[in-house]
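# Overview (structure and organization)
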Amino acid sequence: QVQLVESGGGLVQAGGPLRLSCAASGFTFSSFAMAWFRQAPGKEREFVAVITNGGIKYYADFVKGRFTISRDNFENTVFLQMNSLKPEDTAIYYCAASPRGGVLRNEMLYDYWGQGTQVTVSS
């Protein structure tokens, strides 16, 4: 049974940091690309960052220089370190897994999804 369980969300002041984690089970984690997406109220879900099974990272323009994605293949966990948070970063953050190669920014290419964790940034 595949599971992706996000944690680490919460309320933070603008300019502060937050670290999200996503614990994976039920599939060969090291072979999958892992990504973070987010969905703000009233908006469509959007790509945030991806790390391939080979460790290549790619970020959405709006988080470059502020967010860092990483993975621990021994702990089957993917992380999203978020610094210099802005109120517009407020959203539900989802982790996703794809068996496909490449830098995948299209959510349709991801097979497995977590339930999401709420991040709220106050001004």
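Refer to the structure printed above.
Reference entry: report on the structure contained in this document.

## Looking at the overall build of the protein
Regarding its fold elements, the protein presents 0 helices and 11 strands. C-alpha extents for the protein along the principal axes are approximately 40 × 25 × 25 Å. Burial statistics for the protein: of 123 residues in total, 44% are counted as buried. In the protein, of all internal contacts separated by at least 6 residues, the share reaching a separation of at least 24 is 58%. Total accessible area on the protein stands at roughly 6200 Å², and carbon and sulfur atoms take up 48% of it.

## A few points about the state of the cysteines
Here the structure, examined in full by the defined rule, presents 1 disulfide. Between the sulfur atoms of Cys22 and its disulfide partner Cys95 the distance amounts to 1.9 Å. Of this pair, Cys22 sits in strand β3 (residues 18-25) while Cys95 sits in strand β9 (residues 91-98), and the two are 73 residues apart along the sequence. Residue Cys22 shares its accessibility class with Cys95, and that shared class is buried.

## Description of the sheet that holds strand β8 (residues 77-82)
The 4 strands are arranged β1-β3-β8-β7 in an open sheet whose pairing can be described as antiparallel. Where the open sheet ends on each side, the last strands, each with one partner, are β1 (3-7) and β7 (67-72). This sheet shows a mean twist of 15° between the axes of neighbouring strands, independent of strand direction.

## Description of the pairing of β3
The sheet contact formed by β1 and β3 spans 5 bridges and is antiparallel. Across the sheet, residue Val5 finds its bridge partner in β3, namely Ala23. Here β3 pairs with β8 via 6 bridges, running antiparallel. Its bridge partner lying in β8, Ala23 is registered against Thr77.

Criteria and cut-off values
- Residues numbered from 1 in each chain as written.
- Predicted model: local features only at pLDDT ≥ 70, side-chain atom pairs only at ≥ 80, totals over all residues.
- Heavy atoms only, no water.
- Helix = DSSP H or I, 4+ residues; strand = E, 2+ residues; numbered from the N terminus.
- Buried < 20%, exposed > 50% of the residue type's maximum accessible area, 1.4 Å probe, protein only.
- Contact = heavy atoms within 4.5 Å.
- Areas by Shrake-Rupley, 256 points an atom, 1.4 Å probe, with all protein chains shown as cover.
- Disulfide = S-S within 2.5 Å.
- Pairing = 2+ DSSP bridges.
- Axes fitted to C-alpha atoms, helices over the stretch in contact; angles between N-to-C directions.

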